[in-house]
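Fold and contact review
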Amino acid sequence: MLLRVENVTMSFGGFIATNNVSLNVEKGQMACIIGPNGAGKSTLFNLITGHLTPTMGKIFFHDQDITGKAPHTICQLGMGRSFQRTNIFPRLTVFENVQVAVLSHTRKTLNFLTPAKTMVQEATFALLEDVGLVDQAKSTSGTLSYGYQKQLELGITLASDPEILLLDEPTAGMSPQETTNSIELIARISRERGLTLLFTEHDMDVVFSVAEKITVLHQGAVLAEGAPEDVKNDPDVQRIYLGEAA
Amino acid sequence: MATSQDSLQDTAGAVGKGQSAFRDPVLWGFLVALVLFFWTPELIIYMEWADFWIIFLTEAFIWSLFAVAFNLLMGYGGLISFGQAAYLGIGGYTAGLLLKYLVWMNFYVALVAAPIGGALAALVIGYFCIRRTHIYFAILTLAFGHIVYLIAFKWYDFTGGDNGLIGIPVPEWIKDPTFVSYYKFVLVICMVSIYLLWRIVNSPFGKTLTAIRENEVRADFVGINVQRHKLYAFMIAGAFSALAGALIMINERSVYPDLAHWTQSTQVLLMSLLGGVYTFFGPVVGAFLLLTMDADITQNYPEIWQLFLGGTLVLILFALPGGIVGFIQERDENAADDMATRMAKLMAQFSRKSWYFFGGAVSFTVFFSILQTPDSWWISEDWDFELLSLITWGILPRTILQLVVGAAILWWLLRGIQSFQAMHRWLLLAFTVLSLALHIYLETPLSGLLLVFLWAVYSFYCLFEPDTRQAFSGGIEVVKDAAQEAAE
Ligand SMILES: Nc1ncnc2c1ncn2[C@@H]1O[C@H](COP(=O)(O)OP(=O)(O)OP(=O)(O)O)[C@@H](O)[C@H]1O
Ligand SMILES: [Mg+2]
């Protein structure tokens, strides 16, 4: 088992955002977490990636206890994440955005005197090529369109050569066309690199086209879990979630 | 897989680096500046004001180093420290105390001890400060800075309290009455240090620091240990600030608690803001500009110096948020623009910026002309304004002359947008030089002179930019095309 979340509870001063959640992700799986707004999806991601420390419960990655570890440590272990709201380095160029991530991954950030300009160029351009941003390499990333910024974020995430990708609503705010493109991109890249994927998504078409396993969160707790077809036909799920959406 | 690729890449890079180390234009720039400034004293030593200039430059270099070190934190790390002067004080006192109390202490050892002391102090203070961000970080640095100041101020037995440490022994050659030896010593140390800082901000560490400034959360999630990098940046800034402090101490052969006072911290903050925090050399420009204005005003009207500082700060924050150098380098570029649009934008920027520079230069000179004139009417108490007396003091003619020259240059500049051919280019340069000469001849205050100088540098800088050069030579058609396109 690549990722194991065991009975994790998160309470924000009494408000329980994550309630006794257990979740397993196998290597190579494409797993999806769905749930209505405020169900606690982002909170769960923040717990797994170390941004938050759970009130109770444990999280294992590669059977190693990562509960309460710092995000940079968890990232170095091979977990990459993107954010629901784009999270890039806005005043750096597209190239620099990815380059910094590559430098960090290759542990070169404590080099104080070598000019960085020419370092890890090839690896950086390879990543830009992967996410289709070579032409934008010199642009200031903050000025890019929203879709490009999402692509860039994927590039930054991939730079740390992760085994598992946690994508929090990778298509949020995109047009249908952009959504299709970026889902294709993500699926292609994770297939090529043999990545494990754990993502959240609101667009049900996307979910059912990509996911191999779906976990439904509701009010912080797991409501249902299983293969897409089973989840789709689950009466509880239909009542609270799919029914509302449809 | 990625790792092996990278190592391949890096060995290739290393070979390239070995060949191109001496093709690094910045290194050459530093060397040229070093040589020029090194021989400056020989050129001006027979001038009447040679001492003044040499002392001034010595101070300006030390403050430049301090400002660049400070800006490593503020501009590159996004860490606004309000207590940076603490390290100035720590450096000054470390070297000063060693030299004063240990008879056998070698001068150079003491000098090296200063940055080490600064780095260690920054390690301890930084350990607490970097755990907080934004305003809390600023307040913590201010608090620690004040603690350092109070220690120096109150611990009479050790630091001499507010009497300071005086009569610190230094080698004979520093006591050279022309001040030239020490000037050269400072020059070399500061140039080397600033070059080192330049390497640091352009190294992977520097890039990482900028990434942390831009987005701390994201930096953490690409595997960067944010706190550790911040702490190192804090230590580097502390070390170089302490070196600057030691140089100030040696210059005065004494050190007072005031060196660590928070007003010094705000001064260096202002220098960085003035020159431009997102640029490397901005703080140097800011340091020179502020010290010139300081020399101008404090000499004649010490009581309004603080007022003036405040006014300048407000002006910068509103008119030039990127500082002077940031303003020069700013490019309104959009990847989607075609060549013609880009040229049109560049030219528009050039003329707009020139307006700013001339507005600044003219208003500064006018302001200082009035200030420098004895009994100038708007400061004097009895308020006896008379146009006639302005003329007798030579203010009015001088100002009018400056305005005329300024306007003429502006006119050429604006014409330049339509037809910037070779001849006009030379005329522009001639006018710049002429106005500079005029300023010197009229003994106008330094600040106006410096602004004009900056503008000249800016013009030359533009001519060296391939884009602008092209716009100058082929300017007419390109701009017309853009205008036509816009019209259609
Ligand atoms: N730091 C916090 N402090 C207090 N409450 C929080 C905090 N973070 C999240 N919450 C609350 O936890 C609940 C779950 O939020 P979360 O962002 O995880 O939902 P989500 O499933 O990602 O929703 P969305 O679909 O809108 O992204 C929300 O009610 C939110 O208000
Ligand atoms: Mg969310």
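So, a few notes on the structure that sits alongside this text. These numbers were taken from a predicted model, which means no experiment stands behind them.

This part takes up helix α6 (residues 176-193) of chain A. Residues and elements named next belong to chain A. Compared with the 26 Å implied by 1.5 Å per residue over 18 residues, the 26 Å span of α6 between its first and last C-alpha is a close match. Listed as buried for α6 are Thr179, Ser182, Ile183, Leu185, Ile186, Ala187, Ile189 and Ser190. The inward-facing, buried residues of α6 abut β3 (30-34), α4 (121-130), α5 (146-159), β7 (164-168), β8 (196-200) and α7 (204-210). Positive phi appears at Gly194, one or two residues downstream of α6, with a value of about 60°.

Let's shift gears to the coordination of the magnesium ion (ligand 2). Perfect tetrahedral coordination of a metal by four donors corresponds to 109.5 degrees between them, and perfect octahedral coordination by six donors corresponds to 90 or 180 degrees. All names here are of chain A. Distances from the magnesium ion (ligand 2) to its protein donors, Ser42 (OG) and Gln84 (OE1), fall at 1.9 to 2.1 Å. Here Gln84 lies in the loop between β6 (79-82) and α3 (94-105) and Ser42 lies in helix α1 (residues 41-48), a separation of 42 residues in the sequence. A relative accessible area of 31% places Gln84 in the partly exposed class.

Listed as interface residues are 43 residues of chain A and, on the opposing side, 34 residues of chain B. Carbon and sulfur atoms make up 61% of the surface buried where chain A meets chain B, a total of about 3,600 Å² over both sides. Here chain A and chain B share 3 salt bridges between them. Among the ionic pairs, A:Glu153 bridges to B:Arg218, the shortest N-O distance being 2.8 Å. Counting across the chain A and chain B interface gives 17 residue pairs in polar contact (both at pLDDT 80 or more). Residue assignment for the side of chain A that touches chain B shows that the elements contributing at least two residues are α2 (71-76), β6, α3, α4 and α5 of chain A. Considering every element that reaches the side of chain A that touches chain B, the biggest residue donor is α3(A), with 7 residues. Residues of the side of chain A that touches chain B, tallied by class, amount to 20 nonpolar, 16 polar and 7 charged.

A few words on the pairing of strand β4 (residues 56-61) of chain A. All names here are of chain A. The pairing of strand β1 (residues 3-12) with β4 spans 5 bridges and is classified as antiparallel. Note that in β4 the partner of Glu6 across the bridge is Lys58. Here 2 bridges tie β4 to strand β5 (residues 64-65), and the two strands are oriented antiparallel to one another. Counted as the bridge partner of Phe60 is Asp65 from β5. If you look at the hairpin formed by β4 and β5, you'll find 2 residues sitting between the two strands, and His62 has a positive phi there, around 60°.

Another point: the side chain of A:His72. In this structure, A:His72 sits in helix α2. Those residues in contact with A:His72 that sit more than four places away from it in its chain are B:Asp220, B:Gly223, B:Ile224 and B:Asn225.

Ranked by internal contacts, the top residues of the largest apolar core, which has 100 residues, are B:Phe61, B:Trp63, B:Leu197 and B:Leu247. If sequence neighbours within four positions are ignored, B:Phe61 has contacts with B:Phe37, B:Tyr183, B:Val186, B:Leu187, B:Cys190, B:Met191 and B:Phe288. In this structure, A:Phe89, A:Leu92, B:Ile212 and B:Val226 belong to the second largest nonpolar core, which totals 52 residues.

Residues and elements named next belong to chain A. Look at α3 against α5: their axes get within 8 Å of each other, and the N-to-C directions meet at 20°. The orientation of α3 with respect to α5, classified from their angle, is roughly parallel. Seen along the crossing, α3 lies across α5 with a hand that is right-handed. Contacts between α3 and α5 involve Val94, Asn97, Val98, Ala101, Val102 and His105 from the former and Leu152, Gly155, Ile156 and Ala159 from the latter. Within the contact of α3 with α5, the residues separate by chemical class into 7 nonpolar, 3 polar and no charged.

The rules behind each value
- Residues numbered from 1 in each chain as written.
- Chains lettered and ligands numbered in written order.
- Predicted model: local features only at pLDDT ≥ 70, side-chain atom pairs only at ≥ 80, totals over all residues.
- Heavy atoms only, no water.
- Helix = DSSP H or I, 4+ residues; strand = E, 2+ residues; numbered from the N terminus.
- Expected span 1.5 Å × (residues − 1).
- Buried < 20%, exposed > 50% of the residue type's maximum accessible area, 1.4 Å probe, protein only.
- Contact = heavy atoms within 4.5 Å.
- Donors = N, O, S within 2.8 Å, 3.2 Å for Na, K, Ca; no water.
- Buried area = accessible area lost by both parts, 1.4 Å probe.
- Salt bridge = Lys/Arg side-chain N within 4 Å of Asp/Glu carboxyl O.
- Polar contact = N/O pair within 3.5 Å; in protein donor to acceptor, adjacent residues only side chain to side chain.
- Nonpolar A, V, L, I, M, F, W, Y, C, P; charged D, E, K, R; others polar.
- Pairing = 2+ DSSP bridges.
- Core = buried A, V, L, I, M, F, W, Y, C linked by side-chain atoms within 4.5 Å.
- Axes fitted to C-alpha atoms, helices over the stretch in contact; angles between N-to-C directions.
- Parallel < 35°, antiparallel > 145°, perpendicular 65-115°, else oblique.
- Left-handed = near helix turned anticlockwise from the far one by under 90°.

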